[in-house]
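# Coordinate analysis (summary)
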Amino acid sequence: MRPAGRSELDSVYFDYPHFEEPAGNRRAHLSDPVQVAIVGAGPVGMVAALTLAREGIRSVLIESKSTFNDGSRAICIARQSFHILQSLGALEPFLAKALGWTTGRSFYRGRQILEFTMPDGPSEKFRPMYNLQQQYIEQYLWQAIDRNPLVDMRWQSRVTGLETGPDGVELTVTDPQETYTLKAEWLLAADGARSAIRKTMGLKLSGENYEGRYVIADVQMQHDYPTIRRALFDPECRPGGTVLIHKQPDDIWRIDYQLGPGEDESEALSEQTVRNSVARVLGDIGYSGDWDLEWWSIYSANTLALDDYRHGRVFFIGDSAHIVPIFGVRGLNNGIADAHNIGWKLGRVLNGLAGEDLLDSYTPERRGATLDVFANATKSARFMTPPSHGWRIMRDAALGLALEHPFAGELANPRQMTPFTYAGSPAVLLDDPGFAGGAAPGAAMPDAALADGFLSDRLGSGYTLVCFDSKLSGEVARLPGAPEVVCLDHPSDASRILGAAPGSAYLVRPDLHIAARWLDASAGGIAAAMKTLNFRKD
Amino acid sequence: MRQQDIEAVYEELATGIDRVGEPDANIFVAQVCLLLARELGDRDRALDLIRQALRLHGDKPVTAPAPAR
C-alpha cells in the first residue's frame, strides 16, 4: 500500500517500467509447443528461466502483471543466492547496488543484549547477507533475461486453464489481444503463495499458521546507522511487541513491527496509523529528522508446504510450494535455490546428459530444505512472537537475563541461514570416511581464496571436479562426459578448508553442492560416480 | 547441602517473588531456573528436575493454545 494520492507503482525511489504483451511476428508463434513453460516471473521464475538457459534450454516465461513487484517485500539475499546469481551471469548489478552485512543487534527495553555476527572471512567471496529491494532483484534478473535469446518472456499473460497429461501440460493463456493454448512438456509453477496452478490441480499446503502479524513499512530518510539488522524487543514504542529494522539502498529503511493480539488489521493498515507507528519507532531509535513513507504491507508467520513438490510433469518452486516465516530470511533464498535446483536437473535431462530419475531428487532435496527452515524458523517465530503464556514468560525471562548474561542473549540469535545439506539425496553419493575435515557430500561447497580470486569463481558451469594433482586432472579431462576440472595447489587455503590430501578430489554439482569426495581419488572412481549421478540407463 | 542452606534458598525465593510482585514473578522464577540450569551444566539432569516438578501438578490438559492448523 502507498500513501493517499500515490498509485501502487508511484515509488519515491524506483521507476517502474511498463511491459506490453508479445507483439508483432512473435504472436504467430504463441502456440508453438515448448519444452518448458514457467508461470510467474518473480525472482523464482526468472532464476528458473536463466538456469535452464545456461543449460541451453529454451523456456516460455508467463507473467500476468505488466511490471515488477509493487513493493520492496523480500529484501535479504543470502550468500548462497549470490553464488547462484554469479553462476547465471547476473551478479554485477546486484553487487554494485546491494548492501552487504554480517552483524545483527538485539535490544530489550532499549538496552543492547546481543550482537551476533554471521560467519565471514577472507576465504569468502560474498558477505553472508545482502539487503536489496525485491523490485531491484526482479529488475536485475530481467536485464539478464532480456539479453538472453533462450527465454521467451510474455508479460500481461494470464494462465486461465490447465490440462495435465502424462507427457506434458496444455495451458490456456489469455493476454490483452487473445486467448490461446500452449503445450509444454514440463511446467514450473512459480506463481507464488496464492498459486493458481496449485489450486487448479486441487493441491493444498499443509502445516501451521502462527498468530503473530507484522506490518512492514518502508521509509526514506537520511539515517546515520550502518547496515546492521536491529531487533527491538519490548521497546517503548510498542510495549510487549517486537520491531525489526533493516537498511536498504537509496536511503530506504525497512521497519517491521508486530501487531498486538487485539489490534484490528484494517485499522492498523490505515495510513495515519502506520505513520504514527513508524514515528514512534523512529523516536525510539533516536531519529528526529524528516522521513517519507514509501510503502507498507502486512504478513503473518506461517510454516506451510506441499507434501510433494512434483506432480507428474509439474514442479512447484518458491512460494507456490512452501510459505515460511520471514525471520529466517528463507522465503526468497529458498525459492531461488528451488528454481536453480530444478533448473539444472531438468536442463540436463532435456539435454540428454542425465536420465529422468534425476528429477525425483528435487522434492527430497528442496522439501528437506523447507522442513529444515521450518524447524529453525519455528524457534525464531516463538521468540519473536510467543504463541502462548509459557513461551512468553520464558522469552521475557531470557531477554531480561540477557542484560547481564550473554548466554541468555544468544537465545535471541536468529541463527540465519546456512545452506541446507542434501544428505541422503539420491543425487549425492556417500561420504568417503577417510576425511577428518572439509565438507561432506550434500553440503554447499565451501569457498576459498585463490591467488587470483576465489574458488567459487571457477565453479558452476556444470559438474566440476576440484583436485590438487595434475596427473589426475589430466586423466579426468580425457573421460567421456568429463566434468570441468579445477586443479589447485597443495597445500593452499582451499586444501586446508577442504581437509584435502594431495590426492583428494571434490566433485561439485552445478548448484555448488558437493556430489561426492574422495580422500584418494582415481579417474575410474570419478567416472563411475558421474555415471551414477547422471541416472543414465546406458 | 545442609537443611539450613536449602532453607536460605527457600527464603530468598519467597522474599524475591514478593519483591518482584505480579505480573513479573513468573519471569523472575524462570530466570532463576535458567541461571541454576546453566550453573548445573547438565542438560539431562535439568530436564529431569523440571519433569519431577511437573509431575507434582498431575496430568493437567494442555491449556496453551496450539497453533491454528
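Everything numeric here is computed off the predicted structure, so don't read it as measured data.

### Examining the overall build of chain B
- Across its full length, chain B carries three helices and zero strands.
- Walking chain B from its N terminus toward its C terminus, one meets helices and strands in the order α-α-α.
- A buried classification covers 6% of the 69 residues belonging to chain B.

### Overview of the sheet that holds strand β7 (residues 129–131) of chain A
Residues and elements named next belong to chain A.
- Spatially, the three strands line up as an open sheet ordered β3-β7-β4, and their pairing is antiparallel. Only two strands of the sheet have a single partner each, and these edge strands are β3 (76–78) and β4 (99–101). Ignoring which end each strand starts from, the neighbouring axes of this sheet average 30° apart.
- Pairing between β4 and β7: three bridges, direction antiparallel. When the sheet's bridge partners are listed, W101 is paired in β7 with M129.
- The strands that helix α2 (residues 79–87) touches are β3 and β7; relative to β3, the one it contacts most, it runs at about 75°.

### Some words on the environment of V29(B)
- Here V29(B) lies in helix α2 (residues 25–40).
- Linking V29(B) and I50(B), residues 21 residues apart in sequence, is a C-alpha distance of 13 Å.

### What to know about the domain arrangement of chain A
Residues and elements named next belong to chain A.
- As far as domains go, chain A holds domain 1 (24–91 + 132–203 + 306–372) and domain 2 (449–533).
- Each of domain 1 and domain 2 has a C-alpha centre, and the two are 30 Å apart.
- If you look at the interface, domain 1 gives five residues, while domain 2 gives five residues.
- Broken down by secondary-structure element, the contributors of at least two residues to the side of domain 1 that touches domain 2 are α2 and α8 (331–350).
- Take the side of domain 1 that touches domain 2: its biggest share by element is three residues, from α8.

### Structural notes on the pairing of strand β6 (residues 111–117) of chain A
Residue and element names in this part refer to chain A.
- As paired elements, strand β5 (residues 103–108) and β6 share six bridges and run antiparallel to each other. Within β6, the residue paired with Y108 across the bridge is R111.
- Connecting β5 to the next strand, β6, in antiparallel fashion are two residues, including R109 with a positive phi near 50°.

### Remarks on the interface of chain B and chain A
- Contact with chain B, which involves eleven residues of that partner, is made by 16 residues of chain A.
- When its residues are assigned to classes, the side of chain B that touches chain A shows seven nonpolar, two polar and two charged.

### A look at the sheet that holds strand β22 (residues 464–467) of chain A
Residues and elements named next belong to chain A.
- Strand order in the open sheet formed by four strands is β23-β22-β24-β25, with mixed pairing between adjacent strands. Each end of this open sheet is capped by a strand with a single partner; those strands are β23 (484–487) and β25 (514–518). The mean inter-strand angle of the sheet, taken between neighbouring strand axes irrespective of direction, is 15°.
- Most of the contacts of helix α12 (residues 470–477) go to β23, to which it runs at about 170°, and overall it touches β22, β23 and β24 (505–508).

### Focus: the confidence of the model for chain B
Residues and elements named next belong to chain B.
- Residues of chain B with pLDDT of at least 70 account for 84%, and the chain-wide mean is 88.
- This model gives residues 64–69 a pLDDT under 50, and the stretch forms eleven contacts once residues within four places in sequence are excluded.
- Model confidence for the complex is summarised by a pTM of 0.91, with the ipTM given as 0.88.

### A word on the packing of helix α1 (residues 43–54) of chain A against helix α4 (residues 134–146) of chain A
Residue and element names in this part refer to chain A.
- Taken N-terminus to C-terminus, the directions of α1 and α4 make an angle of 20°; their axes are 10 Å apart at the nearest point. Between α1 and α4, the angle falls in the class roughly parallel. Every pair of crossing elements has a handedness; the one defined by α1 and α4 is left-handed. Judged by residue contacts, P43, M46, V47, A49 and L50 of α1 engage Q134, I137, E138, L141, W142, A144 and I145 from α4.

### A closer look at α4(A)
Residues and elements named next belong to chain A.
- With 13 residues, α4 should cover 18 Å at 1.5 Å per step; its first-to-last C-alpha distance of 18 Å lies within 8% of that length.
- All of the buried residues in α4 are Q135, Y136, I137, E138, Y140, L141, W142, A144 and I145.
- Next to the buried residues of α4 lie α1, α3 (91–97) and β8 (151–154).

### Here's the deal with the nonpolar core
Residue and element names in this part refer to chain A.
- Among the nonpolar cores identified, the biggest contains 165 residues, and A37, A48, L188 and I317 are the most heavily contacted of them.
- Looking at this core, you find at least three residues from each of domain 1 (24–91 + 132–203 + 306–372) and domain 2 (449–533).
- If we ignore the near neighbours within four places in the chain, the residues touching L188 are V36, I38, A48, F315, I317 and I342.

### Let's talk about the environment of E365(A)
All names here are of chain A.
- With respect to the helices and strands, E365 occurs in helix α9 (residues 362–384).
- Its 25 C-beta neighbours within 10 Å are what place E365 among the buried residues.
- As for E365 and G442, which are separated by 77 residues in sequence, their C-alpha atoms are 9.2 Å apart.
- Setting aside its immediate chain neighbours within four residues, E365 contacts N341, Y422, S425 and A427.

Criteria and cut-off values
Residues numbered from 1 in each chain as written. Chains lettered and ligands numbered in written order. Predicted model: local features only at pLDDT ≥ 70, side-chain atom pairs only at ≥ 80, totals over all residues. Helix = DSSP H or I, 4+ residues; strand = E, 2+ residues; numbered from the N terminus. Buried ≥ 20, exposed ≤ 12 C-beta atoms within 10 Å, placed from the backbone. Pairing = 2+ DSSP bridges. Axes fitted to C-alpha atoms, helices over the stretch in contact; angles between N-to-C directions. Contact = placed C-beta atoms within 7 Å. Domains from an automatic or database assignment. Nonpolar A, V, L, I, M, F, W, Y, C, P; charged D, E, K, R; others polar. pLDDT = per-residue confidence, 0-100. Parallel < 35°, antiparallel > 145°, perpendicular 65-115°, else oblique. Left-handed = near helix turned anticlockwise from the far one by under 90°. Expected span 1.5 Å × (residues − 1). Core = buried A, V, L, I, M, F, W, Y, C linked by C-beta atoms within 7 Å.

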